[in-house]
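Listed below are the residues making up each chain.
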Amino acid sequence: MRSRFSAYVFGLEDYLLASWHPSTRPASLELQNETPRIKWLGLEVKGHASEGPDAAIVEFVARCRISGRAQRLHEISRFV
């Protein structure tokens, strides 16, 4: 989770797409269009639960500013 957050901060589209599960991965992200108006501020991992040797559920809150306005992304995601 932290590596993907860092990839968003630095605009590393190739890493994000490579680490995205193929069943839900978009064809492209076009982060270069978003980077000037989004400033990522922090990530807090609230909790996690193992679903076996190669899968887990992660609850996190990512904070950012979009065009100067504070935003929070609170999500529960499954990582494989």
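Counting starts from 1 at the beginning of each chain's written sequence and moves along it residue by residue. Reporting of local features is limited, given that this is a predicted model, to residues whose pLDDT is at least 70; pairs of side-chain atoms are given and counted only at 80 or more, and all residues count toward the totals for whole chains, interfaces and linings. Water and hydrogen atoms play no part in the side-chain values, which are based on all heavy atoms of the structure.

1. Looking at the side chain of E13
Next up, step 1: Numbering of helices and strands runs from the N terminus, with a helix taken as a DSSP run of H or I at least four residues long and a strand as a DSSP run of E at least two residues long. Note on placement: E13 falls in helix α2 (residues 13-18).
Next up, step 2: Note on exposure labels: buried denotes an accessible area under 20% of the residue type's maximum, exposed denotes more than 50%, and partly exposed covers the range between, all computed with a 1.4 Å probe on protein chains only. Only four residue types enter the charge count, namely Lys and Arg as positive and Asp and Glu as negative; His and the chain termini do not. Between Lys or Arg on one side and Asp or Glu on the other, a salt bridge is scored when a side-chain nitrogen of the former is within 4 Å of a carboxyl oxygen of the latter. One buried charged side chain, E13, makes no salt bridge at all; its nearest oppositely charged neighbour is R4, positioned 12 Å away.
Next up, step 3: Side-chain polar atoms of E13 contact the backbone nitrogen of L31, separated by 2.7 Å. N or O atoms closer than or at 3.5 Å make up a polar contact, with two conditions inside protein: a donor-capable atom paired with an acceptor-capable one, and, for residues adjacent in sequence, both atoms drawn from side chains.

2. Quick word on the environment of F10
Next up, step 1: Of note, F10 is situated in helix α1 (residues 2-10).
Next up, step 2: Measuring from C-alpha to C-alpha, the distance between F10 and L31 comes to 9.5 Å, with 21 residues separating the pair along the chain.

3. Regarding a nonpolar patch on the surface
Next up, step 1: Surface patches are defined over residues having more than 30% relative accessible area and no salt bridge, joining like charges when they lie within 9 Å and nonpolar side chains (Val, Leu, Ile, Met, Phe, Trp, Tyr) when within 5 Å. In this description, accessible areas are obtained by the Shrake-Rupley approach with a 1.4 Å probe, and a residue is regarded as covered only by the protein chains that are shown. Residues V9, F10, L12 and Y15 make up a contiguous nonpolar surface patch of roughly 400 Å² in combined accessible area.
Next up, step 2: Here Y15 shows up in helix α2.

4. Re the nonpolar core
Next up, step 1: Nonpolar cores were defined as sets of buried Ala, Val, Leu, Ile, Met, Phe, Trp, Tyr and Cys residues, with membership established by side-chain atoms within 4.5 Å. Counting residues in each nonpolar core, the largest one holds 5 residues, listed as A7, L16, L17, L29 and L31.
Next up, step 2: Working rule for contacts: check all heavy atoms of both residues, and any pair within 4.5 Å makes them a contact. With near-sequence residues (within four places) excluded, L17 lies in contact with R25, P26, A27, S28 and L29.

5. So, the pattern of salt bridges
Next up, step 1: As enumerated under the stated definition, the model contains 2 salt bridges in all.
Next up, step 2: With a closest N to O distance of 3.6 Å, K46 and E44 form a salt bridge.
Next up, step 3: For E44, a relative accessible area of 42% gives the class partly exposed.
Next up, step 4: Between E51 and R78 there is a salt bridge, with the nearest N and O atoms lying 2.6 Å from each other. Note that E51 is positioned in the loop between β1 (38-50) and β2 (56-66) and R78 in strand β3 (residues 69-79), a separation of 27 residues in sequence.

6. Describing α1
Next up, step 1: Taken together, the buried positions of α1 are R4, F5 and A7. In an axial view of α1, the angular spread of the buried residues amounts to 155 degrees, which keeps them on one side of the axis. Among the exposed residues of α1, those oriented more than 90 degrees off its buried face are R2 and F10.
Next up, step 2: Just downstream of α1 lies G11, where phi reads positive at about 70 degrees. To be clear, the arc concerns the directions from the helix axis to the C-beta atoms.

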